[in-house]
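For reference, the chains in residue letters:
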Amino acid sequence: MAGSENGRGAAAVHTARHRADGTAARADDYVWALVRISIGWVFLWAFLDKAFGWGFSTPAGQAWIRGASPTTGYLKGTARKPLGAVFSPLAGYAWADWLFMIGLLGVGVALILGIGLRLTAVLGGLLLLLMWAAELPPEHNPFMDYRLLYTLVIVGLALINAGDTLGIGRWWGNTALVRRYPFLK
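What you see is a predicted model; the values in this text were computed from it and never measured. (Residues numbered from 1 in each chain as written. Predicted model: local features only at pLDDT ≥ 70, side-chain atom pairs only at ≥ 80, totals over all residues. Heavy atoms only, no water.)

1. Concerning the packing of helix H2 (residues 27–52) against helix H5 (residues 94–113)
At step 1: For the pair H2 and H5, interaxial distance at closest approach is 7 Å and the crossing angle is 150°. Along this stretch, H2 crosses H5, giving a crossing that reads as left-handed. Where H2 abuts H5, its residues Arg36, Ile37, Ile39, Gly40, Trp41, Phe43, Leu44, Ala46, Phe47, Lys50 and Ala51 lie against Phe100, Met101, Leu104, Leu105, Val107, Gly108, Val109, Leu111, Ile112 and Leu113.
At step 2: Of the residues that constitute the contact of H2 with H5, the class distribution is 17 nonpolar, 2 polar and 2 charged. (Axes fitted to C-alpha atoms, helices over the stretch in contact; angles between N-to-C directions. Helix = DSSP H or I, 4+ residues; strand = E, 2+ residues; numbered from the N terminus. Left-handed = near helix turned anticlockwise from the far one by under 90°. Contact = heavy atoms within 4.5 Å. Nonpolar A, V, L, I, M, F, W, Y, C, P; charged D, E, K, R; others polar.)

Here it is, written out as structure tokens:
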């Protein structure tokens, strides 16, 4: 049959991933689950390092728990960028710090667990797009950088229900809360 050597065409591959009948996960489901968990770890690690100053990108003395602002260095660094007048003045405000840190933590945990991927795609994408806009133009390309790629991948992960494999997305999607408010899936 056209499409593959094992007789399964593209339509069969597409529908197998989305079945709710308990069909076993395929190899590509595991790859996308690992991508989801990996990006989740990037966000969670950024939160942990900024919160506790574990010395990777945040020195101990600059930890959020020691009173330092997790947004100051990044946003102050945008002052000479085209949109610096918008972003630089936000540096150090407690509300900006809290929104940023809650965003990092929420996106990281949601991706690792495989829950709330629709909402994560919107809110995580917004966080990444704001960070991208603050850095315009990116250092090595006129417009494209990893923040846009992460945004596209997170949206794709939500569209393919990547939280169902190596995550609790299927269980989460069957809860009364998510059945009532599907945008939380």
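Structure shown, so let's carry the discussion forward.
2. So, the packing of aromatic side chains
At step 1: All chains considered together, the criterion is met by 9 aromatic pairs.
At step 2: Taken together through their ring pairs, the aromatic side chains of Trp41, Trp45, Phe52, Trp54 and Phe56 make up a single cluster. (Phe/Tyr/Trp six-rings, centres within 6.5 Å; stacked < 30°, edge-to-face > 60°.)

3. A short note on the nonpolar core
The nonpolar side chains of a soluble globular protein tend to be buried with one another.
At step 1: Phe43, Phe47, Leu104, Leu111 and Ile154 are the most contacted members of the largest nonpolar core, which has 21 residues in total.
At step 2: Mapped onto this core, the elements with two or more residues apiece are H2, H5, helix H6 (117–135) and helix H7 (146–159).
At step 3: Top contributing element to this core by residue count: H2, with 6 residues.
At step 4: Setting aside anything within four residues of it in sequence, one finds phenylalanine 47 in contact with Trp64, Met101, Leu104 and Leu105. (Core = buried A, V, L, I, M, F, W, Y, C linked by side-chain atoms within 4.5 Å. Buried < 20%, exposed > 50% of the residue type's maximum accessible area, 1.4 Å probe, protein only.)

4. So, the confidence of the model for the chain
At step 1: For the chain, the average pLDDT comes to 88, and 88% of its residues sit at 70 or higher.
At step 2: Scored below 50 in pLDDT, residues 1–21 shows 18 contacts in the model against residues more than four places distant or in partner chains. (pLDDT = per-residue confidence, 0-100.)

5. So, the pattern of salt bridges
At step 1: Scanning the model with the defined rule gives 4 salt bridges in all.
At step 2: Note that aspartate 145 is salt-bridged to arginine 147, the shortest N-O span being 2.3 Å. In terms of burial, aspartate 145 and arginine 147 fall into one category: buried. (Salt bridge = Lys/Arg side-chain N within 4 Å of Asp/Glu carboxyl O.)

6. Here we look at the environment of alanine 133
At step 1: Along the chain, the position of alanine 133 falls in helix H6.
At step 2: In sequence terms alanine 133 and phenylalanine 143 are 10 residues apart; their C-alpha atoms lie 9.4 Å from each other.
At step 3: With residues near it in sequence (within four places) discarded, alanine 133 still touches Leu83 and Phe87.

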